[in-house]
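Architecture at a glance
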Amino acid sequence: QQKVQQSPESLSVPEGGMASFNCTSSDRNFQYFWWYRQHSGEGPKALMSIFSDGDKKEGRFTAHLNKASLHVSLHIRDSQPSDSALYFCAASETGGYKVVFGSGTRLLVSP
Amino acid sequence: EAAVTQSPRSKVAVTGGKVTLSCHQTNNHDYMYWYRQDTGHGLRLIHYSYVADSTEKGDIPDGYKASRPSQENFSLILELASLSQTAVYFCASSDTGGDTEVFFGKGTRLTVV
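Residues numbered from 1 in each chain as written. Chains lettered and ligands numbered in written order. Predicted model: local features only at pLDDT ≥ 70, side-chain atom pairs only at ≥ 80, totals over all residues. Heavy atoms only, no water.

1. Structural notes on the pattern of salt bridges
Throughout the structure, instances matching the rule amount to eight salt bridges over all chains. We note a salt bridge from Asp38(B) to Arg44(B), for which the minimum N-O separation is 3.1 Å. Given the relative accessible area of 14%, Asp38(B) is considered buried. Overlapping salt bridges bring together Arg37(A), Arg60(A) and Asp83(A) as one network. (Salt bridge = Lys/Arg side-chain N within 4 Å of Asp/Glu carboxyl O. Buried < 20%, exposed > 50% of the residue type's maximum accessible area, 1.4 Å probe, protein only.)

Structural data, given as structure tokens:
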């Protein structure tokens, strides 16, 4: 079983809508969480990190972390067609070298 | 921006043959990683390294070897390629491990026939 599980597998939202992604870890040692985005034909690129409980906002993107439940989420408001991509949650331990990725959520934003 | 360069970008290999995927980073990063991407499995860690001349096994190391001859270079070696190793492979680097951003290359599409 993967240590980082994402849901849903795919998501379709209209332009201007809200897209929401979920990620749950099964390893309580994970302390650092990241969201990455991968457009077709490219490597993943980091969107934002979240290391403390609560919300973190960067422009249209908001991440939320609840360490007690090992749950992290990402919300994109005012979604644009250019946001269509594969979104990954990634986690690692304090002082750890390994970065573990989830299986990803594919987002399609329709004009 | 951090640069990670992979070569080749695509390769067709025969079953049982040897394949070497190369990666070069110019960011002075200590940590380097090899991931495999398959539909439905996301990114799975094969091998990683945090210092030259040393490599560590990731989550799916069977059938793969890694080599880190210098801080800048990290290779993935398939001694006996198999059909199940057909995938897209990504090399990545980061500065201090899990609390810093991981920078990825553009990937190598490997097809084993």
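There is more to say after this.
2. Comments concerning the layout of surface pockets
Gaps left between atoms show up when a probe the size of a water molecule is rolled over them. By volume, the largest pocket amounts to about 640 Å³. Together, 25 residues line the largest pocket, and Gln38(A), Leu86(A), Arg106(A), Gln37(B) and Thr39(B) are the ones closest to its centre. Those elements that provide at least two residues to the lining of the largest pocket are β4 (31–38), β9 (87–94) and β11 (108–112) of chain B. (1 Å grid on protein atoms, 1.4 Å probe; cavity = no way out; pocket = protein on both sides within 12 Å on 5 of 7 lines; lining within 4 Å. Points joined across faces, edges and corners; volume = space filled by probe spheres on them. Helix = DSSP H or I, 4+ residues; strand = E, 2+ residues; numbered from the N terminus.)

3. Details of the state of the cysteines
Residues and elements named next belong to chain B. Under the defined criterion, the tally for this structure stands at two disulfides over all chains. There is a disulfide in this structure between Cys23 and Cys91, and the S-S distance comes to 1.9 Å. Between Cys23 and Cys91, the disulfide has an S-S torsion of -80° and is therefore left-handed. With Cys23 in strand β3 (residues 19–25) and Cys91 in strand β9, the pair connects residues that are 68 residues apart, well separated along the chain. Side by side, Cys23 and Cys91 carry an identical accessibility label, which is buried. (Disulfide = S-S within 2.5 Å.)

4. Some words on the interface of chain B and chain A
In this assembly, 23 residues from chain B lie in contact with 22 residues from chain A. Buried surface at the junction of chain B and chain A, both sides included, amounts to about 1800 Å², of which 58% is carbon and sulfur. Ranking the residues of chain B by area buried against chain A places Leu43(B), Gly98(B) and Asp99(B) at the top, with a combined share of 26%. We note a salt bridge from Lys98(A) to Asp59(B), for which the minimum N-O separation is 2.8 Å. Taken together, the connections running from chain B to chain A amount to four residue pairs in polar contact (both at pLDDT 80 or more). For the side of chain B that touches chain A, the secondary-structure elements that each account for two or more residues are β4, β5 (42–51) and β10 (102–104) of chain B. (Contact = heavy atoms within 4.5 Å. Buried area = accessible area lost by both parts, 1.4 Å probe. Polar contact = N/O pair within 3.5 Å; in protein donor to acceptor, adjacent residues only side chain to side chain.)

5. Some details on the packing of aromatic side chains
Taken as a whole and assessed by the stated rule, the structure comprises 17 aromatic pairs over all chains. Ring geometry for Tyr32(A) and Phe51(A): centres 4.7 Å apart, planes at 70°, overall edge-to-face. On the criterion of sequence distance, the pair formed by Tyr32(A) in strand β4 (residues 30–38) and Phe51(A) in the loop between β5 (45–50) and β6 (54–58) is long-range, its members being 19 residues apart. A relative accessible area of 27% places Phe51(A) in the partly exposed class. Members of the aromatic cluster, each reached through a chain of ring pairs, are Tyr32(A), Trp34(A), Tyr36(A), Phe51(A), Phe88(A), Phe101(A), Tyr33(B), Tyr35(B), Tyr48(B), Phe90(B) and Phe104(B). (Phe/Tyr/Trp six-rings, centres within 6.5 Å; stacked < 30°, edge-to-face > 60°.)

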